[in-house]
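Below, each chain spelled out in residue letters.
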Number of protein chains: 2
Amino acid sequence: MAMTFITKVISMGFELELQIDEEHEDAKYFQIYRQIRDLITSGAIPGGSKLPSIRTLAKNTDVNTSTVVNAYKMLEKDNLVYKREGSGTFVLSKDDEVLIGNDTFYFEPGELEFGYSYGEDVIDLSSSAPDPNLFPIKDFKNVMDEVLEEDGASAFMYQTSTGYLPLRKSLQSYSGSYGIKCNEDDIYVVSGAQQGIDIIAKAMVKSGDYVFVETPTYCGAIAAFKSRGARLVQVSLYPDGPGIKELEMLVKQFRPILFYAMPNFHNPTGYTYSERKKRYLLLLARKYNFKVLEDDYAGDLNFSTSRIFPLKSFDNDNSVIYLKSFSKIFMPGLRLAYLIVPEEIRERTADAKIASDISTSGLMQRVLRKYIEEGILKRHTEYLKKELAVRYLEMVRAVRKCIRGGSLVEPRGGLNLWVKLPNGISSVELYDKCMEKKVVISPGIFYTKGEVGLTHMRISFSGVDIEKIWQGISIIGTEVENIKNKNRIEII
Amino acid sequence: MAMTFITKVISMGFELELQIDEEHEDAKYFQIYRQIRDLITSGAIPGGSKLPSIRTLAKNTDVNTSTVVNAYKMLEKDNLVYKREGSGTFVLSKDDEVLIGNDTFYFEPGELEFGYSYGEDVIDLSSSAPDPNLFPIKDFKNVMDEVLEEDGASAFMYQTSTGYLPLRKSLQSYSGSYGIKCNEDDIYVVSGAQQGIDIIAKAMVKSGDYVFVETPTYCGAIAAFKSRGARLVQVSLYPDGPGIKELEMLVKQFRPILFYAMPNFHNPTGYTYSERKKRYLLLLARKYNFKVLEDDYAGDLNFSTSRIFPLKSFDNDNSVIYLKSFSKIFMPGLRLAYLIVPEEIRERTADAKIASDISTSGLMQRVLRKYIEEGILKRHTEYLKKELAVRYLEMVRAVRKCIRGGSLVEPRGGLNLWVKLPNGISSVELYDKCMEKKVVISPGIFYTKGEVGLTHMRISFSGVDIEKIWQGISIIGTEVENIKNKNRIEII
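Since the structure is predicted, the reported quantities are computational estimates derived from the model, not experimental observations. (Residues numbered from 1 in each chain as written. Chains lettered and ligands numbered in written order. Predicted model: local features only at pLDDT ≥ 70, side-chain atom pairs only at ≥ 80, totals over all residues.)

Regarding the overall build of chain A
So, step 1. A tally of regular secondary structure across chain A gives 16 helices and 18 strands.
So, step 2. Per-residue burial for chain A yields a buried fraction of 50% across its 492 residues. (Helix = DSSP H or I, 4+ residues; strand = E, 2+ residues; numbered from the N terminus. Buried ≥ 20, exposed ≤ 12 C-beta atoms within 10 Å, placed from the backbone.)

Examining the interface of chain B and chain A
So, step 1. With 50 residues of chain B at the interface, the matching set in chain A holds 51 residues.
So, step 2. Class assignment of the residues belonging to the side of chain B that touches chain A gives a composition of 23 nonpolar, 21 polar and six charged. (Contact = placed C-beta atoms within 7 Å. Nonpolar A, V, L, I, M, F, W, Y, C, P; charged D, E, K, R; others polar.)

Here's the deal with the nonpolar core
So, step 1. Formed by 235 residues in total, the largest nonpolar core has its most connected members in Val211 and Ile441 of chain A together with Val211 and Ile441 of chain B.
So, step 2. Discounting residues that sit within four places of it in the chain, Val211 of chain B has contacts with Val205, Phe225, Ala230, Leu232, Pro256, Ile257, Leu258 and Tyr260 of chain B. (Core = buried A, V, L, I, M, F, W, Y, C linked by C-beta atoms within 7 Å.)

Let's talk about the packing of helix α7 (residues 193–204) of chain B against helix α11 (residues 346–357) of chain B
Residues and elements named next belong to chain B.
So, step 1. Packing of α7 against α11 leaves a shortest axis separation of 8 Å and a crossing angle of 120°. Comparing their axes, α11 and α7 come out oblique. Relative to α11, α7 is oriented so that their crossing is right-handed. Residues Gln195, Asp198, Ile199, Lys202 and Ala203 of α7 form the contact with α11, whose own contacting residues are Arg348, Thr349, Ala352, Lys353, Ala355 and Ser356.
So, step 2. For the contact of α7 with α11, the per-class residue count stands at four nonpolar, three polar and four charged. (Axes fitted to C-alpha atoms, helices over the stretch in contact; angles between N-to-C directions. Parallel < 35°, antiparallel > 145°, perpendicular 65-115°, else oblique. Left-handed = near helix turned anticlockwise from the far one by under 90°.)

Let's talk about the domain arrangement of chain A
Residue and element names in this part refer to chain A.
So, step 1. Once the domains are mapped, chain A shows domain 1 (2–91), domain 2 (103–133 + 379–491) and domain 3 (136–376).
So, step 2. Averaged C-alpha coordinates put domain 2 and domain 3 at centres separated by 26 Å.
So, step 3. The interface is formed by 29 residues belonging to domain 2 together with 28 residues belonging to domain 3.
So, step 4. Secondary-structure elements contributing two or more residues to the side of domain 2 that touches domain 3 are α13 (376–402) and β15 (416–420).
So, step 5. If you tally residues by element for the side of domain 2 that touches domain 3, the top one is α13, at eight residues.
So, step 6. Split by residue class, the side of domain 2 that touches domain 3 holds 16 nonpolar, eight polar and five charged. (Domains from an automatic or database assignment.)

Brief notes about unusual backbone geometry
Residue and element names in this part refer to chain A.
So, step 1. Between Asn267 and Pro268 the backbone carries a cis peptide bond, its omega angle lying at 10°.
So, step 2. Unlike most non-glycine residues, Asp62 shows phi in positive territory, near 60°.
So, step 3. Along the chain, Asp62 falls in the loop between α2 (54–61) and α3 (65–77).
So, step 4. Accessibility expressed as a C-beta count within 10 Å gives 12 for Asp62, which makes it exposed.
So, step 5. With phi around 55°, Asn318 is a residue other than glycine that occupies positive phi space.
So, step 6. In this structure, Asn318 sits in the loop between β11 (291–295) and β12 (320–325).
So, step 7. For Asn318, a count of 16 C-beta atoms within 10 Å gives the class partly exposed.

Side note on the sheet that holds strand β14 (residues 407–408) of chain A
Residue and element names in this part refer to chain A.
So, step 1. Sheet architecture is open: four strands sit in the order β14-β15-β18-β17, paired in antiparallel fashion. Bordering the open sheet on either side are β14 and β17 (442–443), each of which pairs with just one other strand.
So, step 2. Looking at chain direction, β15 and strand β18 (residues 456–460) are connected through five bridges and run antiparallel. Within β18, the position partnered with Trp418 by the bridge is Arg458.
So, step 3. Against the sheet, α13 touches β14, β15 and β18, its axis set at about 15° to β15. (Pairing = 2+ DSSP bridges.)

Re the relation of the copies chain B and chain A
The operation linking the two copies of the chain is a rotation about an axis combined with a translation along the axis.
So, step 1. For these two chains of identical sequence, chain B goes onto chain A by a turn of 180° and a shift of 0.0 Å along the axis, with RMSD 0.2 Å. What the rotation and shift describe, once combined, is the action of a two-fold rotation axis.
So, step 2. A share of 100% of the interface residues of chain B reappears at the interface of chain A, consistent with the copies meeting face to face through the same patch. (Least-squares fit on C-alpha atoms with pLDDT ≥ 70 in both.)

Details of the pairing of strand β10 (residues 258–261) of chain A
Residue and element names in this part refer to chain A.
So, step 1. With burial as the criterion, each face of β10 is covered, one bearing Leu258 and Tyr260 and the other bearing Phe259 and Ala261.
So, step 2. Judged from the four bridges that link them, β10 and β11 form a sheet pairing that is parallel. Pairing of Phe259 across the sheet is with Val292, part of β11.
So, step 3. What joins β10 to β11 is helix α10 (residues 275–288), and the crossover it makes is right-handed. (Right-handed = clockwise from strand over helix to strand, strands pointing away.)

Some details on the packing of α7 of chain B against helix α8 (residues 219–227) of chain B
Residue and element names in this part refer to chain B.
So, step 1. The N-to-C vectors of α7 and α8 enclose an angle of 25°; their axes lie 9 Å apart at closest approach. As judged from the angle between their axes, α7 and α8 are roughly parallel. Where α7 crosses over α8, the handedness of that crossing is right-handed. Two secondary-structure elements touch here, α7 through Gln194, Ile197, Asp198 and Ala201 and α8 through Gly220, Ala221, Ala224 and Phe225.
So, step 2. Among the residues making up the contact of α7 with α8, the classes are represented as five nonpolar, two polar and one charged.

Overview of the sheet that holds strand β13 (residues 337–340) of chain B
Residues and elements named next belong to chain B.
So, step 1. Read from one edge to the other, the open sheet built from eight strands follows the order β6-β13-β12-β11-β10-β7-β8-β9, with strand pairing classed as mixed. Strands at the two margins of the open sheet, each flanked by one partner only, are β6 (187–190) and β9 (241–242).
So, step 2. Along the sheet face, helix α6 (residues 165–176) touches β6 and β13 and points at about 110° away from the line of β6.
So, step 3. With respect to the sheet, α7 is in contact with β6, β10 (258–261), β11 (291–295), β12 (320–325) and β13, its orientation differing from that of β12 by roughly 155°.

Quick look at the environment of Pro256 of chain B
Residues and elements named next belong to chain B.
So, step 1. In this structure, Pro256 sits in the loop between α9 (244–254) and β10.
So, step 2. Look at Pro256 and you get buried, because 25 C-beta atoms sit within 10 Å.
So, step 3. The spatial distance from the C-alpha of Pro256 to the C-alpha of Leu232 is 9.1 Å, given a sequence separation of 24 residues.
So, step 4. Ignoring anything within four residues of it in the chain, the contact list for Pro256 reads Tyr210, Val211, Phe212, Val233, Val251 and Phe290.

Section: the environment of Tyr271 of chain B
Residues and elements named next belong to chain B.
So, step 1. Its location among the elements puts Tyr271 in the loop between β10 and α10 (275–288).
So, step 2. With 192 residues separating them along the chain, Tyr271 and Asn79 place their C-alpha atoms 21 Å apart.
So, step 3. Not counting the four nearest positions on each side in its chain, Tyr271 is found in contact with Leu237, Pro239, His266 and Val409.

What about the pairing of β15 of chain A?
Residues and elements named next belong to chain A.
So, step 1. In terms of burial, β15 is a largely internal element, four of the five residues being buried.
So, step 2. Looking at chain direction, β14 and β15 are connected through two bridges and run antiparallel. The partner of Leu408 across the bridge, within β15, is Val419.

Overview of α6 of chain B
Side chains that are three or four residues apart share a direction in an α-helix, a result of its 3.6 residues per turn.
All names here are of chain B.
So, step 1. The terminal C-alpha atoms of α6 lie 17 Å apart, and with twelve residues this matches the ideal 16 Å at 1.5 Å per residue to within 8%.
So, step 2. When α6 is considered as a whole, its buried residues turn out to be Leu167, Arg168, Ser170, Leu171 and Ser175. Seen along its axis, α6 keeps its buried residues to an arc of 160°; they face one direction. What points out from α6, more than 90 degrees from its buried face, is the exposed set Ser173 and Gly176.
So, step 3. The inward-facing, buried residues of α6 abut β6, β13 and α12 (362–373). (Expected span 1.5 Å × (residues − 1). Arc of directions from axis to C-beta.)

A look at the confidence of the model for chain A
As a note on interpretation, predicted positions should not be read in detail where pLDDT is low.
So, step 1. Summarising the model, chain A shows a mean pLDDT of 86, and 90% of its residues fall at 70 or more.
So, step 2. This model gives residues 96–115 of chain A a pLDDT under 50, and the stretch forms 39 contacts once residues within four places in sequence are excluded. (pLDDT = per-residue confidence, 0-100.)

Details of the environment of Arg348 of chain A
So, step 1. Relative to the helices and strands, Arg348 of chain A is located in helix α11 (residues 346–357).
So, step 2. Each C-alpha atom, one on Arg348 of chain A and one on Ile244 of chain A, is 30 Å from the other, the two residues being 104 residues apart in sequence.

Quick word on α11 of chain A
So, step 1. With twelve residues, α11 of chain A should cover 16 Å at 1.5 Å per step; its first-to-last C-alpha distance of 17 Å lies within 8% of that length.
So, step 2. Residues of α11 of chain A that are buried: Thr349, Asp351, Ala352, Lys353, Ile354, Ala355, Ser356 and Asp357 of chain A.

Right, here's the structure in full:
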């Protein structure tokens with residue numbers, strides 16, 4: 001028998017009429033979730049409205065409070081509502097920024113990520129920069145000498161803003177080896193991936209525009225989009241990519257102009273979108289007319305036997321702006337990356353590059369070109385992949401062995417592991433404890449929403465050797481046990 | 001006898017009451033100008049108001065139309081009013097952008113300035129990049145080898161975003177040699193001056209903020225500020241700096257947050273602010289609480305016998321953000337510059353740098369440091385100064401000899417001459433004609449307001465040798481005469 005409960009929320013001017021069917025195959029929480037969701041997306045409950053309190057709704061619909069809690073949680077996960085501490089649950093309006101409220105969870109990228117050098121005795125698992133011992137310094141010196149010999153002064157002049165033409169030609173065929181069809185005019189050389197993101201933000205994002213990001217995501221991207229006044233919407237991520245229905249609902253609601261995504265070996269989770277989801281994302285991009293900025297920061301570092309293609313290789317509609325950094329597979333200090341840019345935003349991209357730094361070092365562009373043309377980059381990438389694959393496997397083993405109660409989805413590529421900590425362990429507390437023992441982890445606070453920031457940590461296997469991996473993970477494991485014990489004592 | 005004329009402009013809701021004294025020492029046009037100016041700045045005539053037509057005002061105040069025309073021209077020069085083609089003269093409101101209306105006069109910097117390489121047979125006087133033949137390539141190679149030897153892989157890692165500490169220390173004492181007191185924490189290494197401007201724009205400018213620029217000014221700065229949604233106000237420039245009263249009036253009216261200025265050897269005019277005006281500008285900055293971004297792109301290239309100090313060296317109130325490029329005195333392709341940043345905006349500057357490109361190449365930073373520490377940069381700067389001083393003198397001579405009816409204020413430093421063309425010669429037409437003869441000039445369209453863009457050209461002596469200087473200027477002289485003759489025939 002179907003029962004209908006009516007709750008009127010007069011202050012906000014809408015009526016909430018819910019129908020709960022006890023015999024329906026869907027659980028009650030799901031029925032509540034579905035109906036409120038539809039009312040919100042249809043506009044029947046306007047943005048800014050306050051939902052009835054959990055207690056009121058539970059009472060009026062004759063369900064347990066936990067049922068309403070679950071329904072509200074799902075709405076929150078869909079980015080349709082948000083909780084305001086102490087004042088209730090509100091329907092998100094287009095004017096709200098869909099972000100975590102607590103900025104103290106937002107680590108400055110400079111603090112943990114870049115250039116910060118701990119002492120020799122510290123095991124740094126927080127930086128995903130490659131181990132300097134793997135840098136091809138000798139090759140670099142030889143190539144540099146060749147460039148100076150051949151090009152002399154012209155390497156030190158201002159360069160064309162879009163990039164040194166011979167390099168763009170090399171990058172065109174280089175992209176081809178990843179299944180990407182493009183021509184040299186599509187390619188823009190930039191001074192590292194961060195600048196690539198910043199330039200696309202400059203070229204496309206106006207104040208108030210909606211930009212989608214995965215959650216969690218890379219802090220540097222957040223900084224670049226926020227600097228343009230973008231409103232950010234976080235898209236939940238699963239091990240095979242975003243929830244497609246959730247994503248379409250968000251897209252319909254917010255009409256983003258851009259989705260910043262790392263479809264392969266996502267940072268920090270290591271997740272890779274399935275091919276089906278890649279194709280579906282492109283369908284959405286075409287249907288709702290937004291661009292995807294694909295940050296392929298680690299696509300080369302695939303340790304599995306199956307090939308993984310970039311999103312761009314499936315893109316027949318010029319929906320994808322492709323961004324590839326050479327910081328991870330070559331050397332970060334050279335500040336080199338490139339963009340593949342759809343024709344309609346090329347001019348704006350060129351203007352943004354000029355306004356940013358005019359052009360990327362001509363000397364470094366020439367060095368990179370020789371690396372590619374002489375096959376050194378390919379050889380080095382293969383070498384790096386082998387080295388990192390070994391470290392990856394060791395780190396997975398170490399985590400499985402030392403961190404009891406933790407879990408992870410094996411990324412099978414990239415630079416990082418994203419480890420779910422045992423219940424009750426906060427990554428921020430763990431970070432502090434490990435720091436005391438001279439092991440540095442990244443707490444899971446990559447601009448994540450809700451609790452995932454506290455329940456996960458990112459540890460990178462790219463910057464440390466196998467001995468340090470085992471030492472570091474073993475210390476983390478000990479600290480995890482110490483926190484568990486402390487918590488147990490506190491409960492007693 | 002004093003006479004009072006009253007004009008009522010009913011549609012806009014203000015009364016214009018002017019008093020014209022025939023025996024006053026000021027000319028009538030100046031009396032009209034002064035009174036309207038005071039009414040506008042006091043707010044008695046609100047922004048957006050339409051002034052009476054020239055004919056009406058002339059009739060009502062019993063003066064010639066040319067008197068009113070002159071008064072309105074002065075108001076326009078003060079940025080208080082603007083003409084709308086075909087609909088009259090309007091009082092500028094805070095919402096108007098105080099810029100030239102005709103964007104076709106805005107050359108893309110990339111087009112003329114950077115990286116564009118003409119054929120061997122072309123004489124390029126448009127680029128102010130230094131002559132590659134003067135680059136210290138051999139020194140560079142030696143220093144690079146030393147750096148690789150000593151620092152190895154660490155030169156290729158991510159760097160601290162604010163810059164490589166030993167370099168910042170070197171830059172501190174380097175700045176001291178220009179009379180600037182600062183400490184290493186004030187110094188931020190950036191990837192070229194354009195990035196320096198872009199970072200300060202990111203750190204300080206929100207959409208709708210007023211930013212002052214000199215007119216004419218450097219296009220790349222305009223691009224960076226416009227990209228942030230700044231409203232730009234152009235400050236007229238005289239050979240000894242901005243008109244101080246004009247400037248104070250504009251500052252009072254628009255309350256800028258930033259004034260982007262090149263007080264020494266200004267680009268393109270070559271003007272240098274007098275010390276009095278430098279000090280006055282700093283007084284204004286303190287009084288009205290704005291910052292000056294001093295772009296010291298060519299301060300080293302002083303060919304006169306008197307020392308010229310940067311604005312920053314007079315700054316006791318942290319009003320000046322100092323920006324110095326190494327593109328002109330070292331090599332543009334290295335993309336190196338530095339900022340000296342007042343404490344209150346340091347954090348925002350660091351964030352903006354991270355969001356822009358994380359850090360500047362550690363390798364290049366190390367090379368620059370060695371250049372400074374080993375005295376190579378100083379030696380090279382002296383060498384460059386001598387070389388360019390000779391070219392400068394030759395170019396001044398060539399202009400005086402070959403361009404009849406032209407004139408210029410001798411800059412006595414820098415990289416460029418700003419030449420006023422003979423009456424009736426348009427720099428855009430001259431540009432086209434010279435291009436046909438394979439000589440490239442910069443028409444005076446450096447985001448200039450009004451006619452100055454057509455009446456002047458910029459020619460650079462930094463990128464060409466003496467022979468080419470004479471060849472080039474002689475061809476320009478011939479084309480000037482050809483245009484004069486053509487104009488004469490058209491009049492007949």
